[in-house]
Amino acid sequence: MTAPIRASAPSAAPPRHQPSSGSVGVLSHRLGRYGLLLLLVLTLVVFSLARPEEFATWDNVKSTLDQQTPVIIGGLAVMIPLLTDSIDLSAAANISMANILVAGLTTNDGLSTPLAVVVAILASTVVGLVNGLIVERLQVTSFVATLGMATLLSGVGLAYSNSADILTVPHAVTSMARTETLGLPLSVYYGIVCMLGTALVLRYLPVGRKLRAVGANPRAAALTGIRPGLFRIAAFTFGGTLAGVAGVVLTGQLGSATASGAANSLLLPIFAAVFLGSTAFTPGRQNVPGLFVAVLFLAFVSSGLVLLGAPLWASPLVNGAALILAVALSSWALRIRARRFRTQQLKQLDRAESEAT
């Protein structure tokens, strides 16, 4: 049986290199790392000047952070498998399933809110585990496996809800997301905790380095004692857990769940943010700070356009264009890093040969 074809999205790159000497090289290096952050600042300035009474307000910032929390956590759920060079197209559907489960278990089945939250997150975790097992044990490509899982989950949501929307949930469900602390809803703090936890694991724990090693070169990783298949399964499983958390937060924010689910409205923003974020800070590699900045950039651009009177189709247009541009830029950045790394290696070999002679 042939080995699975991994996701085409770039997820790893050669070791870091020093920017080329000269002002042009330093400038291009810094623009590559901080260009997205600069665009975010520029966006905030432009729309604040254009609509100061509506855009440049704390209420707008708070509302945007609150609304984008499921996208941020969902982006983390997609990013983890991408680090192992796999893609999870079922993340948005998994979020939607958790949303329907929490609403249904608390409203229709009478479960307590804590128990319903645990059940929903466990169910999403199992979905992630099954995705990983299908990819690794059955040797199905991650694209096909997770695309099929997304369709399956949409059917599960319709079956569980009897194709009926759940319009109200208990107050305990909404209060766990809408209650404000220090001027921000609790949902925002959930997103911050998920981002910090993921960033710390990826940067400082051995498991983070091993995940990136598997994505960069699974054969080389295997030679060092790492089990690539096991880490891919773990990546899908952890991504499923994060999707469950995003679904729980979404339920608390909306106070409802639709039978058709929220997958369609989440899929494009999540992937646009993940790939756009990979062009920042460590170009060509998925990273948590880049994801956060990308989510804010896309959200503030969309809200700013709406405030300026743009039609409703402007937001999906921006997300779609951002996804295409982000993938192109990320691929370009990865090729540049690889080319510079090879050049550096050749210089080191030339230097070693000259010293030997």
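Everything numeric here is computed off the predicted structure, so don't read it as measured data.

J.: Would you mind going over helix 3 (residues 91-107) with me for this structure?
T.: Spanning 17 residues, helix 3 covers 24 Å between terminal C-alpha atoms, matching the ideal 24 Å at 1.5 Å per step. Burial within helix 3 is extensive, with 16 of its 17 residues counted as buried.

J.: Would you take a moment to explain the nonpolar core for this structure?
T.: One broad trend across soluble globular proteins is that nonpolar side chains are buried collectively. If you look at the biggest cluster of nonpolar residues, it comprises 83 residues, and the most contacted ones within it are L76, L266, I270, F271 and L298. Setting aside chain neighbours within four positions, we find L266 in contact with V71, A92, I95 and L250.

J.: Is there a simple way to think about the packing of aromatic side chains in this case?
T.: To describe a pair of aromatic rings, one takes the distance between the centres and the angle between the planes. Scanning the model with the defined rule gives three aromatic pairs in all. Relative to F55, the ring of F47 has its centre 5.5 Å away and its plane inclined at 45°; by these criteria the two rings are tilted. With respect to class, F47 is no different from F55; both count as buried. Residues F55 and F300 carry aromatic rings whose centres are separated by 5.7 Å and whose planes lie at 65° to one another, so their mutual orientation is edge-to-face. Placement of F55 in the loop between helix 1 (23-50) and helix 2 (58-83) and of F300 in helix 12 (residues 288-307) is noted, with a sequence separation of 245 residues between them.

J.: Help me understand a nonpolar patch on the surface in this model?
T.: Where nonpolar side chains cluster on the molecular surface, the patch consists of Y34, L37, V41, V45 and L49 and spans about 450 Å² of accessible area. Along the polypeptide, Y34 turns up in helix 1. A relative accessible area of 37% places Y34 in the partly exposed class.

J.: Explain the environment of F236 here, please?
T.: The residue F236 is located in helix 10 (residues 228-254) in this model. With relative accessibility at 1%, the residue F236 sits in the buried group. The sequence separation of F236 and V78 amounts to 158 residues, and the corresponding C-alpha distance is 8.6 Å.

J.: Just checking my understanding: could you explain the packing of helix 7 (residues 186-204) against helix 8 (residues 206-216) for this structure?
T.: Helix-helix packing: each pair is described by the crossing angle between the helix axes and the interaxial distance. Running from amino to carboxyl end, helix 7 crosses helix 8 at an angle of 75°, the nearest separation of the two axes being 4 Å. Between helix 7 and helix 8, the interaxial angle falls into the category roughly perpendicular. Contacts between helix 7 and helix 8 pair V201, L202, R203 and Y204 from the former with P206, V207, G208, R209, L211 and R212 from the latter. Looking at side-chain class alone, the contact of helix 7 with helix 8 contains six nonpolar, one polar and three charged residues.

J.: So what exactly am I meant to see when it comes to unusual backbone geometry here?
T.: With the exception of glycine, most residues fall at negative phi, and the peptide bonds are largely trans. Positive phi is not limited to glycine here, since D85 has a value of about 65°. Relative to the helices and strands, D85 is located in the loop between helix 2 and helix 3. If you check the backbone angles, Q139 has positive phi at about 60° while not being a glycine. With a relative accessible area of 26%, Q139 lands in the partly exposed category.

J.: Any chance you could explain the pattern of salt bridges here in plain terms?
T.: Where charged atoms from two side chains of opposite charge come close, those side chains can pair. One pass over the structure, following the stated rule, counts three salt bridges. Among the salt bridges present, the one from E136 reaches R232, with a minimum N-O distance of 3.3 Å. Note that E136 is positioned in helix 4 (residues 113-137) and R232 in helix 10, a separation of 96 residues in sequence. Under the relative-accessibility criterion, E136 is labelled buried at 11%. Note on R232: relative accessible area 5%, which makes it buried.

J.: Can you walk me through the environment of S302 in this structure?
T.: Note on placement: S302 falls in helix 12. Exposure remark for S302: the relative accessible area of 12% places this residue in the buried category. A C-alpha to C-alpha distance of 8.6 Å links S302 and N319, two positions 17 residues apart in sequence. In terms of polar contacts, S302 uses its side chain to reach the backbone carbonyl oxygen of L298, at 3.0 Å.

J.: Can you walk me through the confidence of the model for the protein in this structure?
T.: Interpreting fine coordinate detail is not advised for predicted regions of low pLDDT. Model confidence for the protein is summarised by a mean pLDDT of 84, while 85% of its residues fall at 70 or above. Of all helices and strands in the protein, the one with the weakest mean pLDDT is helix 13 (residues 314-356) (71), whereas helix 4 scores best (95). Every residue in residues 1-18 scores below 50 in pLDDT, and together they form 54 contacts with partners more than four places removed in sequence or on other chains.

J.: How should the packing of helix 3 against helix 11 (residues 263-277) be read in this particular structure?
T.: Look at helix 3 against helix 11: their axes get within 8 Å of each other, and the N-to-C directions meet at 140°. Taken together, the axes of helix 3 and helix 11 are oblique relative to one another. Pair helix 3 / helix 11 crosses with right-handed handedness. In contact with A92, A93, I95 and S96 of helix 3, helix 11 contributes A263, L266, L267 and I270. Taken together, the residues of the contact of helix 3 with helix 11 break down into seven nonpolar, one polar and no charged.

The rules behind these values
- Residues numbered from 1 in each chain as written.
- Predicted model: local features only at pLDDT ≥ 70, side-chain atom pairs only at ≥ 80, totals over all residues.
- Heavy atoms only, no water.
- Helix = DSSP H or I, 4+ residues; strand = E, 2+ residues; numbered from the N terminus.
- Expected span 1.5 Å × (residues − 1).
- Buried < 20%, exposed > 50% of the residue type's maximum accessible area, 1.4 Å probe, protein only.
- Core = buried A, V, L, I, M, F, W, Y, C linked by side-chain atoms within 4.5 Å.
- Contact = heavy atoms within 4.5 Å.
- Phe/Tyr/Trp six-rings, centres within 6.5 Å; stacked < 30°, edge-to-face > 60°.
- Patch = residues over 30% accessible without salt bridge, like charges linked within 9 Å, V, L, I, M, F, W, Y side chains within 5 Å.
- Areas by Shrake-Rupley, 256 points an atom, 1.4 Å probe, with all protein chains shown as cover.
- Salt bridge = Lys/Arg side-chain N within 4 Å of Asp/Glu carboxyl O.
- Axes fitted to C-alpha atoms, helices over the stretch in contact; angles between N-to-C directions.
- Parallel < 35°, antiparallel > 145°, perpendicular 65-115°, else oblique.
- Nonpolar A, V, L, I, M, F, W, Y, C, P; charged D, E, K, R; others polar.
- Polar contact = N/O pair within 3.5 Å; in protein donor to acceptor, adjacent residues only side chain to side chain.
- pLDDT = per-residue confidence, 0-100.
- Left-handed = near helix turned anticlockwise from the far one by under 90°.

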